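Take a look at the letters that make up each chain.
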Amino acid sequence: MVRSGLIAALAVGFALGSAPVAAEDVVQVTPLGSHDGEFCGRDRALVFEDPNGTRILYDAGRTVAGPDDSRLGDIDVILVSHMHGDHVGDQRIRETNAGTCASPDTSVSTLPQSNTIDIAVKKKSRIVTGSEMPAFFAAKLKEAGADPSNSVLVRFGGKREEGGVKITTVPAAHSNGVSPSFLTGPLADYLQAAGVGASVGPPTGYVLTFSNGLVVYLSGDTGITAEQKLVVNDHYGAELVVMNIGDTFTTGPEEAAFVVNELIQPKAVIASHANEPATKNGKVQDGTRTARFAELAQAPVHVPLSGKTMGFDGNGSCVSGC
């Protein structure tokens, strides 16, 4: 059974059974997908807004219509889990609702810079990444005439505070090669001919601690890892999880449910990276990975409908928009 109705009931029940949560104590999460009010095949991007106003864009990918996308607003920080085109943005939509939910029209090329860099330059955002990615983004910022020092590092085991939000990276089990299409000159030609990408170290996930105390795990693209229990749960105590469920290239719905139920045990989950037209008219479709994940997960699963803002309190409970 798909949990969309159950989730809504839980949110209402929480609101009825508890004192109202002040707006200044809520983290706002807004999906920026390809089609308004839906969860579609290429959707990755989420904007988190701290109660203090700091705004963080996670994995801009292909469904943000560049830096002039009216949905973006101010962006203080950009996070990139890894360098694959559907996360850093090798192409993008021209506008929302073009193409279909299954196959959005992402025909605007952003190469060789990337959608991420285009947004960072226009918004004067800081790009916070781990591994060896900061040097790559610094060079791209410099090429674009922006300040390369706005690409900053936070490696696994450390933390960085940006605008009152504590940020750290955690391991992800995936790949992280930079496609030659993001490069120029002889190196790009050599790599293209060899059929390989440039290495910028391992991919990452993130743990964010917001000013209201909410701890959020962003899985990136990953399989099951021991760190999801030992680090994300035992050390950081993540209460809200953004979990990839797309299968084949990332954790599938059954595996993702194991991560949520047995390893992290959060208060709530936002499904991510489903690689499918998961909804129709805003409702989860039967037989989808998203439906299967919602059926198996023991925590409430919130579906990221594009443009629909969800609000989470410091304990990970959804108090609005779910």
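Residues numbered from 1 in each chain as written. Predicted model: local features only at pLDDT ≥ 70, side-chain atom pairs only at ≥ 80, totals over all residues. Heavy atoms only, no water.

**Topic: helix α8 (residues 289-296)**
Logical step 1: Of all the residues in α8, the buried ones are Thr290, Ala291, Phe293 and Ala294. One side of α8 holds all its buried residues, which, seen down the axis, span an arc of 165 degrees.
Logical step 2: Considering only its buried residues, α8 is in contact with β15 (240-244), α7 (253-264), β16 (268-272), β18 (283-284) and β19 (301-302). (Buried < 20%, exposed > 50% of the residue type's maximum accessible area, 1.4 Å probe, protein only. Helix = DSSP H or I, 4+ residues; strand = E, 2+ residues; numbered from the N terminus. Arc of directions from axis to C-beta. Contact = heavy atoms within 4.5 Å.)

**Remarks on empty space enclosed by the protein**
Logical step 1: What the rule picks out here adds up to 2 cavities of 30 Å³ or more.
Logical step 2: Empty space within the largest cavity amounts to approximately 60 Å³.
Logical step 3: Lining the largest cavity we find 14 residues, and of these Phe39, Asp43, Arg44, Leu46 and Pro304 sit closest to its centre.
Logical step 4: Among the elements that line the lining of the largest cavity, the one with the most residues is β16, at 3 residues. (1 Å grid on protein atoms, 1.4 Å probe; cavity = no way out; pocket = protein on both sides within 12 Å on 5 of 7 lines; lining within 4 Å. Points joined across faces, edges and corners; volume = space filled by probe spheres on them.)

**Some thoughts on the layout of surface pockets**
Logical step 1: Its boundaries defined by the atoms lining it, the second largest pocket holds a volume of some 160 Å³.
Logical step 2: Looking at the second largest pocket, the residues that line it are Arg42, Arg44, Arg62, His84, Asp86, His174, Asp221, Phe249, Thr250, His273 and Asn275.
Logical step 3: Tallied by class, the residues present in the lining of the second largest pocket amount to 1 nonpolar, 5 polar and 5 charged. (Nonpolar A, V, L, I, M, F, W, Y, C, P; charged D, E, K, R; others polar.)

**As for the environment of Lys267**
Logical step 1: Tracing the chain through its elements places Lys267 in the loop between α7 and β16.
Logical step 2: Judged by relative accessible area, Lys267 falls into the partly exposed class, the value being 48%.
Logical step 3: Here Lys267 is in contact with Glu239, Ala299, Pro300, Asn315 and Gly316, once residues within four sequence places are set aside.

**With respect to the packing of α7 against α8**
Helices that pack against each other are described as a pair by the angle of their axes relative to one another and the distance between those axes.
Logical step 1: Relative orientation of the contacting elements α7 and α8 amounts to 30 degrees, with a least axis distance of 9 Å. Of the possible angle classes, the one that applies to α7 and α8 is roughly parallel. When the axes of α7 and α8 are compared, the crossing they make is right-handed. Of the residues in α8, those in contact with Pro253, Glu254, Ala256, Ala257, Val260 and Asn261 of α7 are Arg289, Arg292, Phe293 and Leu296. (Axes fitted to C-alpha atoms, helices over the stretch in contact; angles between N-to-C directions. Parallel < 35°, antiparallel > 145°, perpendicular 65-115°, else oblique. Left-handed = near helix turned anticlockwise from the far one by under 90°.)

**As for the pattern of salt bridges**
Logical step 1: Under the definition given, this model contains 14 salt bridges.
Logical step 2: Arg126 is paired through a salt bridge with Glu162; the nearest N and O atoms lie 3.0 Å apart. With Arg126 in strand β7 (residues 126-129) and Glu162 in strand β9 (residues 160-162), this pair connects stretches of sequence that are 36 residues apart.
Logical step 3: The exposure class of Glu162 is buried, given its relative accessible area of 8%.
Logical step 4: Its salt-bridge partner being Lys229, residue Asp234 comes within 2.8 Å of it at the nearest N-O pair. (Salt bridge = Lys/Arg side-chain N within 4 Å of Asp/Glu carboxyl O.)

**Digging into the nonpolar core**
Logical step 1: Counting residues in hydrophobic clusters, the biggest one holds 30 residues, and the most contacted among them are Tyr217, Met243, Ile264 and Phe293.
Logical step 2: Going through the elements one at a time, β14 (215-218), α6 (227-233), β15, α7, β16 and α8 are the ones with two or more residues in this core.
Logical step 3: For this core, the element with the most residues is α7, which contributes 6 residues.
Logical step 4: Not counting residues up to four positions away in its chain, the partners in contact with Phe293 are Met243, Ile245, Pro253, Ala256, Ala257, Val260, Val269, Ala271 and Val301. (Core = buried A, V, L, I, M, F, W, Y, C linked by side-chain atoms within 4.5 Å.)

By themselves, these are just geometric observations and shouldn't be taken as functional.
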